[in-house]
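Coordinates in review
The lines below spell out each chain.
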Amino acid sequence: MIDAEKTEAIRAALMKPGLSRLWQAVREKYEIIGRAGGSVTLSDATPEEQEDIGALLGVNLFGETRIKVSLAKLESALLRSRFAIPLSDALAALYGSVPTRNDLREMRARAARAFWSHLEAAASDVLPWLQSMRQGRAPGKGLIAEWKKLFTETGRVRPLEELLPVLRALESPPDPPVRLAILSARYLGDPHALDRPNPSGRALFAWLCWRYGGADDEADPADIADGAVQDEGTSEAARALYQRAGIRIDDVSPVVHVAHWPGMREGPMAFTLASLEGVSLDSMPPRVWVVENPAVFAELAERSTSLIVCSYGWPNAAVLRLLDLATSAGSELWYSGDFDLGGLRIGRSLWQRYGPRFVPWRFDASTYRALASSGRTPISEDEKSQLGRLQSTLWDPELAAMMRARGVKLFQEQFVDLLVEDAGAAAMSPR
């Protein structure tokens, strides 16, 4: 251990401006190989660097603009100096502790052992789940990284530790089922702590995926950004997992808006998911007109008498339940969406779900071609790339290619009059 006085003397002697780049390069090399080996090279060396490096090594470097320094020779020079120190001591005096790659690897290994030892002690009753995540056989890779960071900072993994009483309570699914918000308030003192976006909620969902199988808690980021992955109140796959564990998910917030529902008052109205549970439909019109955007829905509701459904973007659980009922009763879904990446993805999901019952309504290449001149919003290069990947998965294989070529988006609001005309004509035609 070098005392403080000697450390200051070393720093004063070695921290000259002409040595600054040399020491930075030497430090980086030493961290990688962990010893005084290899060499570093400085390009475009200044006269000041030539003088100071030459004086340190005891060689004449005048006029040398490319200086290569062996770390072994540098250490020999330091040992011959009045300080008589190895390279490791010089770096410690200049920078404090300089951990090598091997040091860092061992530090990480020790931290990982401490982390898993803590989990095994704190969460012994869920070890099979934790080991499955550790071995990559269960969803939760992102959680493990978050928990390691928390443990490093606080010495605890609070989201998991707070969840343990909940998991014990769910070992046998509650009968009758308990609502998620009530479960959360009962055990964590916060009705939203177990919401899926929150730390304990994410851990709960990962446990559900492991326990019952099904949806992956680590969805593709592109799908999340696009809206394909919904929160626990709207995702059918997620809802099924919660239900298997005896947890009731909010069935009031998911709402579907309709207009001109058979046997009910004219004009717009709303059904909650709860109101649709257990319902079956006996008589439905041959066509149900479905639109993506609320302004277009309102316009159609005012200017036609056809049965209109609004998905409000990506369909939530209530929308899907209603469309399931309609198709089960024999109706076709005439669907119109925006000509942009999100609109095509929503249309694709409905087409894949309902097959021949899905009818693209003004939602094809011919419609886009006829209206593209009115487009004002450009399609970005990244969106064009994603459209290329969608091309072979759509109901109209020419649509995505044409959108890439024309390079503009079109929105339902721009051709709402055509939609009103279609719905109005269908309402007047004999059935």
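Calculation criteria
- Within each chain, residues carry numbers counting from 1 in the order of the written sequence.
- Only residues with pLDDT of at least 70 are given local features in this predicted model, and only at 80 or more are side-chain atom pairs given and counted; all residues enter the totals for whole chains, interfaces and linings.
- Only hydrogens and water are set aside; all other atoms, that is, all heavy atoms of the structure, feed into the side-chain values.
- Two aromatic rings from Phe, Tyr or Trp, using only the six-membered ring of Trp, form a pair when their centres are within 6.5 Å; if the ring planes differ by under 30 degrees the pair is stacked, by over 60 it is edge-to-face, and anything between is tilted.
- Only runs of H or I of at least four residues qualify as helices and only runs of E of at least two qualify as strands under DSSP, and these elements are numbered from the N terminus.
- Exposure is judged per residue with a 1.4 Å probe applied to protein chains only, and the accessible area is read against the type maximum: over 50% gives exposed, under 20% gives buried, and values in between give partly exposed.
- Two limits define a charge over a ring: the Lys NZ or Arg CZ must be within 6 Å of the ring centre, and within 35 degrees of the ring normal.
- Two strands qualify as a pair provided that DSSP identifies no fewer than 2 bridges between them.
- Confidence of the predictor at the level of single residues is given by pLDDT, which spans 0 to 100.
- Between two residues, a contact is recorded if the distance between any of their heavy atoms is within 4.5 Å.

1. Here's the deal with the packing of aromatic side chains
Here the distance between the centres and the angle between the planes together describe a pair of aromatic rings. Enumeration according to the criterion identifies 15 aromatic pairs in this entry. Ring centres of Trp-351 and Trp-395 lie 6.4 Å apart, and the angle between their planes is 75°; this geometry places the pair in the edge-to-face category. You can see Trp-351 sitting in helix α17 (residues 341-354) and its partner Trp-395 sitting in the loop between α19 (381-390) and α20 (399-406), a full 44 residues away along the chain. By relative accessible area, which is 29% here, Trp-351 ends up partly exposed. Clustering of aromatic rings is evident, with ring pairs tying together Tyr-335, Phe-339, Trp-351, Phe-358, Phe-363, Tyr-368, Trp-395 and Phe-415. Sitting above the plane of the Phe-205 ring, Arg-196 keeps its charged end 3.9 Å from the centroid. Here the basic side chain of Arg-287 rests over the ring of Trp-334, its NZ or CZ set 3.8 Å away from the ring centre.

2. Here we look at the pairing of strand β2 (residues 67-70)
Going residue by residue along β2, you find Ile-67 and Val-69 tucked away on one face and Lys-68 and Ser-70 left uncovered on the opposite face. In terms of strand pairing, strand β1 (residues 39-42) meets β2 through four bridges, oriented antiparallel. Following the sheet pairing, Ser-39 is matched in β2 by Ser-70.

3. A short note on the environment of Gly-424
Mapped onto the secondary structure, Gly-424 falls in helix α21 (residues 416-428). Under the relative-accessibility criterion, Gly-424 is labelled buried at 17%. Along the sequence, Gly-424 and Gly-388 sit 36 residues apart, while their C-alpha atoms lie 35 Å from each other.

4. Quick look at the confidence of the model for the protein
Detailed reading of the predicted model is not advised wherever pLDDT is low. Confidence in the prediction of the protein, expressed as mean pLDDT, is 88, and 93% of residues score 70 or more. A low-confidence stretch, residues 217-234 (pLDDT under 50), is modelled with 44 contacts involving residues beyond four sequence positions or located in other chains.

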